[in-house]
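Structural description and commentary
Residue strings, one per chain:
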Amino acid sequence: MHELPVIESILKVALTHGQKNDVQKITAIYLQVGELSDLEDEWMQRYFDYLSKDSIAEGAQLKIDRVPVMMQCEDCTISFQVDIKKIDEIVCPECNGKSNKLISGRGYFIKNMEVI
Ligand SMILES: [Zn+2]
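Let us look at the structure shown here. (Residues numbered from 1 in each chain as written. Predicted model: local features only at pLDDT ≥ 70, side-chain atom pairs only at ≥ 80, totals over all residues. Heavy atoms only, no water.)

Examining the overall build of the protein
The number of helices and strands found in the protein is two helices and six strands. Taken from the N to the C terminus, the helices and strands of the protein come in the order α-β-α-β-β-β-β-β. Seen along its three principal axes, the alpha-carbon backbone of the protein occupies a region of about 55 × 30 × 15 Å. Across the 116 residues that make up the protein, the buried fraction comes to 33%. Sequence separation of 24 or more characterises 70% of the internal contacts of the protein that already satisfy a separation of 6 or more. As displayed, the protein offers around 7,400 Å² of accessible surface, 48% of which is attributable to carbon and sulfur atoms. (Helix = DSSP H or I, 4+ residues; strand = E, 2+ residues; numbered from the N terminus. Buried < 20%, exposed > 50% of the residue type's maximum accessible area, 1.4 Å probe, protein only. Contact = heavy atoms within 4.5 Å. Areas by Shrake-Rupley, 256 points an atom, 1.4 Å probe, with all protein chains shown as cover.)

So, in structure tokens, the structure goes:
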């Protein structure tokens, strides 16, 4: 279960933001989650519901956007989107280079929040 610590930190950020801005209630949190991260939407919401009880974020919906995986070729420096099913056999579409590094698609961050 990787979701629990992630949700704890997301909730903490959301609540801190809410307190600073005199928010009465947080109704939705927009998250961007990399396609490569193994966070599952359903579990994220469940943990969130559990952890946010009795806080201003209770009942908030998590709106989760998946961020595509992008890699950059170390030979010709172009960046390109990657199909995660084929991630083991990535070659640069421009020069067929095989030294490619990941530039997005991992991790998560809060993009926005809806508050009252
Ligand atoms: Zn290349």
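Considerations on the side chain of Glu3
Position of Glu3 relative to the elements: it lies in helix H1 (residues 3-20). An unpaired buried charge is present at Glu3: no salt bridge exists, and Arg66, the closest side chain of opposite charge, is 7.5 Å distant. For Glu3, the side chain forms a polar contact with the main-chain nitrogen of Glu40, separated by 2.9 Å. (Lys, Arg positive; Asp, Glu negative; His and termini not counted. Salt bridge = Lys/Arg side-chain N within 4 Å of Asp/Glu carboxyl O. Polar contact = N/O pair within 3.5 Å; in protein donor to acceptor, adjacent residues only side chain to side chain.)

Focus on the pattern of salt bridges
Where charged atoms of side chains with opposite charge meet at close range, the side chains can pair. What the rule picks out here adds up to three salt bridges. Across the salt bridge formed by Glu42 and Arg46, the nearest N and O atoms sit 2.5 Å from each other. Taken together, the positions of Glu42 and Arg46, both in helix H2 (residues 41-51) and four residues apart, correspond to about one turn of that helix. What makes Arg46 partly exposed here is its relative accessible area of 44%.

Some words on the packing of aromatic side chains
Summed over the entire model, instances satisfying the criterion amount to one aromatic pair. When the centroid spacing of 5.7 Å and the interplanar angle of 35 degrees are considered together, the rings of Trp43 and Tyr47 count as tilted. Of this pair, Trp43 and Tyr47 both sit in helix H2, four residues apart, which is roughly one turn of that helix. Overall, Tyr47 belongs to the buried group, its relative accessible area being 15%. (Phe/Tyr/Trp six-rings, centres within 6.5 Å; stacked < 30°, edge-to-face > 60°.)

Describing the sheet that holds strand S2 (residues 61-67)
If you trace the three strands from one edge of the open sheet to the other, you get S2-S1-S6, paired in mixed fashion. With partners counted over all chains shown, the strands left at the sheet margins are S2 and strand S6 (108-115), one partner each. Across the sheet, the mean angle from the axis of one strand to that of its neighbour is 20 degrees, orientation sign disregarded. Of the strand pairs in this sheet, strand S1 (residues 26-34) and S2 are connected by seven bridges, and their pairing is parallel. By the bridge assignment for S2, Gly34 is matched with Val67. The sheet strands contacting H1 are S1, S2 and S6, and the helix crosses S6 at an angle near 40 degrees. (Pairing = 2+ DSSP bridges. Axes fitted to C-alpha atoms, helices over the stretch in contact; angles between N-to-C directions.)

Overview of H1
The end-to-end C-alpha separation of H1 is 26 Å, in line with the 26 Å expected for 18 residues at 1.5 Å each. On the buried face of H1, the contacting elements are S1, H2, S2 and S6. Directly beyond the C-terminal end of H1, a positive phi value near 55 degrees is found at Asp22. (Expected span 1.5 Å × (residues − 1).)

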